[in-house]
Amino acid sequence: MERERMCIACRQMKDKKELLRIVKNKDGVISIDLTGKQNGRGAYVCKNTECLNKLKKQKSLNRAFKSNVDEEVYRNIEEVLLGNK
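This is a predicted model, so every value here is computed, not measured. (Residues numbered from 1 in each chain as written. Predicted model: local features only at pLDDT ≥ 70, side-chain atom pairs only at ≥ 80, totals over all residues. Heavy atoms only, no water.)

## Points about the packing of aromatic side chains
Applied cut-off: Each Phe, Tyr or Trp ring (for Trp, its six-membered ring) is paired with any other whose centre lies within 6.5 Å, and the angle between the two planes then decides the class: stacked below 30 degrees, edge-to-face above 60, tilted in between. Consider the ring centre and the ring normal. A charge sits over the ring if Lys NZ or Arg CZ is within 6 Å of that centre and within 35 degrees of that normal.
By the definition in use, this model includes zero aromatic pairs. One residue, lysine 59, lies across the ring of tyrosine 74, its end atom 5.0 Å from the ring centre.

## Structural notes on the packing of helix α1 (residues 49–58) against helix α3 (residues 71–83)
Just so we agree on the cut-off: Axis definition: a line fitted to C-alpha atoms, over the contacting stretch in the case of helices. Angles run 0 to 180 degrees between N-to-C directions. Put simply, DSSP marks the helices as runs of H or I at least four residues long and the strands as runs of E at least two long, and each gets a number from the N terminus on. Reported orientations rely on four angle classes, namely roughly parallel under 35 degrees, roughly antiparallel over 145, roughly perpendicular from 65 to 115, and oblique for the rest. Contacts: residue pairs with any heavy atoms within 4.5 Å of one another. Charged means Asp, Glu, Lys or Arg here, nonpolar means Ala, Val, Leu, Ile, Met, Phe, Trp, Tyr, Cys or Pro, and polar covers whatever is left, Gly included.
Between α1 and α3, the shortest axis-to-axis distance is 11 Å and the interhelical angle comes to 180°. Between α1 and α3, the crossing angle belongs to the class labelled roughly antiparallel. Along the contact surface, α1 presents Thr49, Leu52, Leu55 and Lys56, while α3 presents Tyr74, Ile77, Glu78, Leu81 and Leu82. When the residues that make up the contact of α1 with α3 are grouped by side-chain class, the tally is six nonpolar, one polar and two charged.

## Considering α1
Filter applied, for reference: Relative accessible area decides the class of each residue, using a 1.4 Å probe on protein chains only: under 20% of the type maximum gives buried, over 50% gives exposed, and in between gives partly exposed. The directions from the helix axis to the C-beta atoms form the arc being described. In the analysis that follows, any N or O atom pair within 3.5 Å is treated as a polar contact, provided that within protein one partner can donate a hydrogen and the other can accept it, and provided that, for residues neighboring in sequence, both atoms belong to side chains.
Residues of α1 that are buried: Cys51, Leu52 and Leu55. Down the axis of α1, the smallest arc covering the buried residues is 105°, so these residues share one side. Along α1, the residues that are exposed and aim more than 90 degrees away from the buried face are Glu50 and Lys57. Buried residues along α1 sit in contact with β5 (41–46), α2 (60–65) and α3. Measuring from the backbone nitrogen of glutamate 50 back to the side-chain oxygen at the start of α1 gives 3.2 Å, which picks out asparagine 48 as the cap.

Next up, the structure:
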């Protein structure tokens, strides 16, 4: 049975496979984890534009990773999510 994760934008619990994982590794590098297996602290967001907009507006990744997240990370997430549509 697959474990559920919470979207950091809408706060809904969903199956891990339905969410996009963003990871911060031990060096502080934040990247998109398409495999779901990278080492580091993970945060999850729904794969839809509504949650993407909330994520950017609320700066949810800054809170999740307790650090300032570069705008480019948000742009990369947007590219991946809109590319999946």
